[in-house]
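Single-letter residue listing:
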Amino acid sequence: MADIAFLLLIFFLVATTMNVDTGLARMLPPMPPENQQTEDIKVKERNLFLVLVNGSGQIMAGVQNRQEFIDLRQLKDRTKEFILNPMGDENLPEMKEEEFELPDGSKWVYPVSQGVVSLQTTRDTDYQAYIMVQNELTRAFNEVRDEVSMRKFNSKFADLPEEQRNVVAKAVQMKISEAEPRVIKK
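No experiment lies behind these values; they were computed from the predicted model shown. Every chain's residues receive numbers from 1 upward, in the order its sequence appears when written. Thresholds applied to this predicted model are a pLDDT of at least 70 for local features of residues and 80 or more for the giving and counting of side-chain atom pairs; totals over whole chains, interfaces and linings are not thresholded and use all residues. For side-chain calculations, the full set of non-hydrogen atoms in the structure is used, while hydrogens and water are omitted.

Caption draft 1: Focus on the packing of helix H2 (residues 72-84) against helix H3 (residues 127-153). Every axis in this analysis is a line fitted to C-alpha atoms, fitted for helices over the stretch in contact. Angles between the N-to-C directions lie between 0 and 180 degrees. A run of DSSP states H or I qualifies as a helix once it reaches four residues; a run of E qualifies as a strand once it reaches two. Both are numbered from the N-terminal end. Interhelical geometry of H2 versus H3 gives an angle of 45° and a closest axis separation of 9 Å. On the basis of the axis angle, H2 is oblique to H3. The two elements H2 and H3 meet at a crossing, and its hand is right-handed. Together, Leu72, Leu75, Lys76, Thr79, Lys80, Ile83 and Leu84 of H2 and Met132, Val133, Glu136, Leu137, Arg139, Ala140, Phe141, Glu143, Val144 and Glu147 of H3 make up the contact between the two elements. Side-chain classes follow a simple rule in which Ala, Val, Leu, Ile, Met, Phe, Trp, Tyr, Cys and Pro form the nonpolar group, Asp, Glu, Lys and Arg form the charged group, and the remainder, Gly included, forms the polar group. Of the residues that constitute the contact of H2 with H3, the class distribution is 10 nonpolar, one polar and six charged. For classification purposes, an angle smaller than 35 degrees is called roughly parallel, one larger than 145 roughly antiparallel, one from 65 to 115 roughly perpendicular, and anything else oblique. Left-handed describes a crossing whose near helix is turned anticlockwise from the far helix by less than a right angle; the clockwise case is right-handed. We call two residues in contact whenever any of their non-hydrogen atoms come within 4.5 Å of each other.

So, in C-alpha cells, the structure goes:
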C-alpha cells in the first residue's frame, strides 16, 4: 500500500504543471545612494501629456489644461500624435534635432521629441485598467519605433540588429512617468 501511494505521489508531481506568475517587463532604475538629494523633474507644460485614470476606469488624456475623456482605443493614437507632433503644433512637445552615429559610421539627424507621458491614477484604480492603459502607452511608443525603423532601415524595430535597435531606441525614447512631474510655464 505504501509503494502504491509513493508511486501515485511521484506520478502527480511529474504530471502536474505549475503556473508561473507574469508581470510587467520594466527595467527599474537603480536605487540612489542614501546621501543623494532628490530633486523635482521640471518639464515644460507643452512637453507633458497627462493620462489620468480614475477608480471607474475612465481615462482623461491630453496636454496641460486641455484633457478630455477618451476611450482606451483612442489612447494609443493620441499618444502617438503627441510623441511625433507631425504638424509642428506649438501646443505639442518640442522637437530637438539630434545627431546619432549609425553602426556603419555614418551620421543620422532625427528630431527627438522632448515630450513626457505622465500616467497618474487614483488609489481606487483597478489594476486591470492600469495594466490596459500601460499597455496602450507602451504600444504607442513601440509603433512609433517601428515607423522610424521602417523609414530609416526598412525593417521593423524588433527585427533590427542590436546596434541599429539601440540607435532607434535613443531617437524614440520611451518616456512614461508615473511620478507627478513639476510643470514650468514657458
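Let us keep going from here.
Caption draft 2: Looking closely at the environment of Asn47. Along the chain, Asn47 falls in the loop between strand E1 (42-44) and strand E2 (48-53). Ignoring sequence-local partners within four residues, the contact set of Asn47 consists of Phe82, Pro93, Glu94, Gln114, Gly115 and Val116. Any pair of N or O atoms that falls within 3.5 Å is considered a polar contact. Within protein, one atom must be able to donate a hydrogen and the other to accept it, and sequence-neighbouring residues count only if both atoms are side-chain atoms. Within the local environment of Asn47, its side chain forms a polar contact with the backbone nitrogen of Glu94, the two atoms lying 2.9 Å apart.

Caption draft 3: Summary view of the sheet that holds strand E4 (residues 68-70). The sheet built from five strands is open, its strands ordered E4-E3-E2-E7-E8 with mixed pairing. Only two strands of the sheet have a single partner each, and these edge strands are E4 and strand E8 (176-177). Contacts between H3 and the sheet are confined to E2, strand E3 (59-63), strand E7 (116-121) and E8, with E7 contributing the most and set at about 175° to the helix. A pair of strands is labelled paired if DSSP reports no fewer than 2 bridges between them.

Caption draft 4: Quick peek at the pairing of E2. Of all six residues in E2, five are buried; the element is thus mostly enclosed. Pairing of E2 with E7, which is carried by six bridges, proceeds in the parallel orientation. Its bridge partner lying in E7, Val51 is registered against Leu119. Both E2 and E3 contribute to a ladder of five bridges, which runs antiparallel. Of the residues in E3, the one forming a bridge with Phe49 is Val63. Hairpin connection, E2 to E3: the antiparallel pair is bridged by five residues, and Gly57 has positive phi, about 85°. Exposure classes here rest on a 1.4 Å probe applied to the protein chains alone. A residue is buried below 20% of its type maximum, exposed above 50%, and partly exposed in between.

Caption draft 5: Seen up close, the pairing of strand E5 (residues 95-101). Taken together, the seven bridges between E5 and strand E6 (residues 107-113) define a ladder with antiparallel strand orientation. The residue bridging Met95 from the neighbouring strand is Ser113, located in E6. Linking two consecutive strands that pair antiparallel, namely E5 and E6, is a turn of five residues; a positive phi of about 95° is found at Gly105 within it.

Caption draft 6: Structural view of empty space enclosed by the protein. A cavity, in this analysis, means grid points on a 1 Å lattice covering only the protein atoms where a 1.4 Å probe fits yet has no way out; a pocket is instead an open set bounded by protein on both sides within 12 Å along at least five of seven lines, and a residue lines either one if it has an atom within 4 Å of a point. Grid points are joined across faces, edges and corners, and a volume is the space filled by probe spheres set on the points. Tallying each qualifying case throughout the model produces one cavity of 30 Å³ or more. Each pocket or cavity is described by its volume, and for the largest cavity that value is around 130 Å³. Lining the largest cavity are 16 residues; nearest its centre among them are Ile83, Ser113, Ala171, Val172 and Gln173. Mapped by element, the contributors of at least two residues to the lining of the largest cavity are H2, E6 and H3. Here the lining of the largest cavity gets four residues from one element, more than from any other, and that element is E6. Of the residues assigned to the lining of the largest cavity, the class counts are 12 nonpolar, three polar and one charged.

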